[in-house]
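Understanding the architecture of this molecule
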Amino acid sequence: MPFLDLAAQHAEVRAELDGAFHRVLDRGVFILGPEVEAFEAEFAAYCGTRCAIGVANGLDALFLVLKAWGIGPGDEVLVPANTFIATWLAVTYTGATPVPVDVERTTCNIDPTLLAAAVTPRTRAIIPVHLYGQPANMRAIRDVAATFGLRVLEDAAQSHGAEMDGQRAGSLGDAAAFSFYPGKNLGALGDGGGITTNDPALADAIRTLRNYGSRRKYHHEVPGVNSRLDELQAAFLRVKLSHLPRWNTRRAEIAATYHTRLARTGFELPCVAPGMTSSWHLYVVRHAQRDLVREQLTARGIDTIVHYPINPAEQPAYASLTLDPAATPMAATLQHRVLSLPLSPTMTDADVERVVMACRDVDAELSSRTVA
Ligand SMILES: *Cc1c(COP(=O)(O)O)cnc(C)c1O
């Protein structure tokens, strides 16, 4: 059982993807043309925001928002202690410093009750990550941000279509960054990223930044970068966006089955907070004997992945910050416990049952060993 079967997903929409490819090839416009424009409008509508801007990848999406807000050297940005390193790197790229905040035991998302204590006179923004697809507690996070005059940038790379109180991820902060990396809920056939916001001035600044700081060809207002979404990728994303609701529904069904069928085992199951709808980018269980479980599942033909085995604070890349992992104890523990089970929208009920039976089998075997 593969962890994610992208080939099966693409086979379902193969004719439409072929059509998109030929449309772009025949038109002969490859950079910042009608496909990007149409995708931006469609994605903004999907997220419920006024604006969306296509960029080259999720890391750039995060970076460009911070840059447009003028965040730079001497500034601090609050980030969760347990995320993919891109969340931190975007801050580092601006010259500012990422400041880790520990996460909730239940949701693995940034703990809003710890934010105020992490704020200093240098703090400019918070980047909550909607980890595994469940929105962070944006109600509480926005309250803290309002109290201290901070901006909120959602890292929505894992949460296309997730909701809090009926509002979509991407519309829950001052701006949001999405990744369209192939393995995300909405993935391109290569790299891609996007930003959503209700602030047209911010959108305009990012459109300028992503294209060499230029609004008019060969006129450069600011030292921008080259971070554009390709026409081809935008055309593919338009096809896949039209299927995203159906694919997300199937993800939720699979998650519900895992939830029922793995109850009362040694696996600690993901829990969704009131008012939240996860996009189920990942179904992440916890187990005290995670590495053994993983090995035994592999032996039974079940692929799993650990998201993430080493927190950014413990990566050599961040050695210079000399962070103490014990200062964020929940994140420090989670990295040894979490395990992501296979989750593809194309999995059949029989596929899901195969994973369930393997998990139950492994769990029973390990717990009998513990007793003996
Ligand atoms: C995937 C991901 C990113 C980065 O996206 P890329 O498109 O790979 O640059 C950022 N944050 C989180 C939480 C992610 O999962």
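Throughout, residues of each chain are indexed from 1 in the direction in which the sequence is written. Only residues with pLDDT of at least 70 are given local features in this predicted model, and only at 80 or more are side-chain atom pairs given and counted; all residues enter the totals for whole chains, interfaces and linings. With hydrogens and water excluded, all non-hydrogen atoms of the structure serve as input to the side-chain values.

Concerning the site of the ligand
Taken together, 15 residues sit near the ligand, with Gly 58, Asp 155, Gln 158, Ser 179 and Lys 184 positioned nearest. We call two N or O atoms a polar contact when they sit within 3.5 Å, provided that within protein one can donate a hydrogen and the other can accept it, with sequence-adjacent residues counted only if both atoms are side-chain atoms. Side-chain polar atom of Ser 179 to an oxygen atom of the ligand: 2.6 Å apart, as the coordinates give it. Taking Lys 184, its side chain carries an N or O atom lying 2.6 Å from an oxygen atom of the ligand. Residue exposure ignores everything except the shown protein chains as possible cover, and the areas themselves are Shrake-Rupley values with a 1.4 Å probe. Burial of the ligand by the protein chains amounts to 91% of its free accessible area of 380 Å². Structurally, the ligand is housed in the largest pocket. Secondary structure elements are defined from DSSP: runs of H or I of at least 4 residues count as helices, runs of E of at least 2 residues count as strands, and each element is numbered from the N terminus. Of all the secondary structure elements, the ones that give two or more residues to the shell around the ligand are helix H4 (58–68) and helix H5 (86–94). Its residues assigned to classes, the shell around the ligand shows six nonpolar, seven polar and two charged. Throughout this document, a residue counts as near a molecule or strand when at least one of its heavy atoms sits within 4 Å of that molecule or strand. Both site types are read off a 1 Å grid over the protein atoms alone. A 1.4 Å probe that fits but cannot get out defines a cavity, while an open set with protein on both sides within 12 Å along at least five of seven lines defines a pocket; lining residues have an atom within 4 Å of a point. Placement in a cavity or pocket follows one criterion, namely that more than half of the molecule's atoms lie within 2 Å of its grid points. Any residue outside Ala, Val, Leu, Ile, Met, Phe, Trp, Tyr, Cys, Pro, Asp, Glu, Lys and Arg is labelled polar, Gly included; the first ten of those are nonpolar and the last four are charged.

Section: the pattern of salt bridges
The salt bridge criterion pairs a side-chain nitrogen of Lys or Arg with a carboxyl oxygen of Asp or Glu, the two atoms within 4 Å. On inspection of all chains with the given rule, the structure shows 21 salt bridges. Arg 286 serves as the salt-bridge partner of Glu 268, at 3.5 Å between the closest nitrogen and oxygen. Pair noted here: Glu 268 is in the loop between helix H9 (231–261) and strand S12 (276–277) and Arg 286 is in strand S13 (residues 283–286), with a separation of 18 residues, a long-range link. Only protein chains enter the area calculation, which uses a 1.4 Å probe; residues under 20% of their type maximum are buried, those over 50% are exposed, and those in between are partly exposed. Exposure remark for Glu 268: the relative accessible area of 29% places this residue in the partly exposed category. Its relative accessible area of 8% is what places Arg 286 among the buried residues. Arg 290 is the partner of Asp 291 in a salt bridge, and the nearest nitrogen-oxygen pair spans 2.8 Å. Judged by its relative accessible area of 6%, Arg 290 falls in the buried class. Each of Arg 23, Arg 27, Glu 35, Glu 42 and Arg 238 takes part in salt bridges that share partners, so that together they form one network.

Things to note about the sheet that holds strand S1 (residues 51–55)
Between any two strands, pairing holds if DSSP finds at least two bridges. Ordered by their spatial adjacency, seven strands build an open sheet running S1-S9-S8-S5-S4-S2-S3, and the pairing between neighbours is mixed. Both edges of this open sheet fall to S1 and strand S3 (97–101), since each of them pairs with a single strand only. Averaged over all adjacent pairs, the angle separating strand axes in this sheet is 25°, with direction ignored. Note on contacts: a residue pair is in contact if any heavy atoms of the two residues lie within 4.5 Å. Axes here mean lines fitted to C-alpha atoms, for a helix over just the part in contact, with angles spanning 0 to 180 degrees between N-to-C directions. Contacting S1, strand S8 (175–179) and strand S9 (193–197), helix H3 (residues 34–47) crosses the sheet at an angle of about 130° to S1. Packed on one face of the sheet, helix H8 (residues 200–210) meets S1, S8 and S9 and runs near 15° to S1.

Here's the deal with the packing of aromatic side chains
For any pair of aromatic rings, geometry is given as the distance between the ring centres together with the angle between the planes. Paired rings are identified among Phe, Tyr and Trp, the last through its six-membered ring, by centres lying within 6.5 Å, and are further divided according to the angle between planes into stacked (under 30 degrees), edge-to-face (over 60) and tilted (the rest). This structure, assessed with the given rule, holds ten aromatic pairs. Relative to Phe 180, the ring of Phe 39 has its centre 5.4 Å away and its plane inclined at 80°; by these criteria the two rings are edge-to-face. With Phe 39 in helix H3 and Phe 180 in the loop between S8 and S9, the pair connects residues that are 141 residues apart, well separated along the chain. Judged by its relative accessible area of 0%, Phe 180 falls in the buried class. Ring centres of Phe 43 and Phe 180 lie 5.3 Å apart, and the angle between their planes is 85°; on these two criteria the pair is classed as edge-to-face. With Phe 43 in helix H3 and Phe 180 in the loop between S8 and S9, this residue pair connects regions lying 137 residues apart in the sequence.

A short note on the pairing of S13
Burial along S13 is two-sided: the residues Tyr 283 and Val 285 and Val 284 and Arg 286 are all buried. Bridge count for S13 against strand S14 (residues 338–341) is four bridges, and the pairing is antiparallel. Following the sheet pairing, Val 285 is matched in S14 by Leu 339.

With respect to the nonpolar core
For soluble globular proteins, nonpolar side chains are generally found buried alongside one another. Counting 36 residues, the largest nonpolar core has Tyr 258, Tyr 283, Leu 297 and Leu 341 as the members making the most contacts within it. Those elements that place two or more of their residues in this core are H9, S13, helix H10 (290–299), S14 and helix H12 (349–371). Take this core: its biggest share by element is seven residues, from H12. Only buried Ala, Val, Leu, Ile, Met, Phe, Trp, Tyr and Cys residues count toward a nonpolar core, and they belong to the same one when joined by side-chain atoms within 4.5 Å.

Some words on empty space enclosed by the protein
Grid points are joined across faces, edges and corners, and a volume is the space filled by probe spheres set on the points. Scanning all chains against the criterion turns up two cavities of 30 Å³ or more. Volume-wise, the largest cavity comes out at about 140 Å³. Lining the largest cavity are 16 residues, and of these Thr 107, Tyr 132, Gln 134, Pro 270 and Cys 271 lie nearest its centre. The domain limits used here are those given by an automatic or database domain assignment. Residue-level mapping places the lining of the largest cavity at the junction of two domains, with at least three residues from each of domain 1 (6–102 + 110–239) and domain 2 (244–371). Put simply, the second largest cavity is a space of about 60 Å³. As for the second largest cavity, its lining consists of Asn 82, Leu 131, Tyr 132, His 307, Tyr 308, Asn 311, Ala 331, Leu 334, Gln 335 and Val 338. Of the residues forming the lining of the second largest cavity, the biggest block, three residues, is contributed by helix H11 (residues 329–337). Across the lining of the second largest cavity, the residue classes tally to six nonpolar, four polar and no charged. In terms of domain composition, the lining of the second largest cavity takes at least three residues from each of domain 1 (6–102 + 110–239) and domain 2 (244–371).

That's the geometry; what it means functionally is another story.
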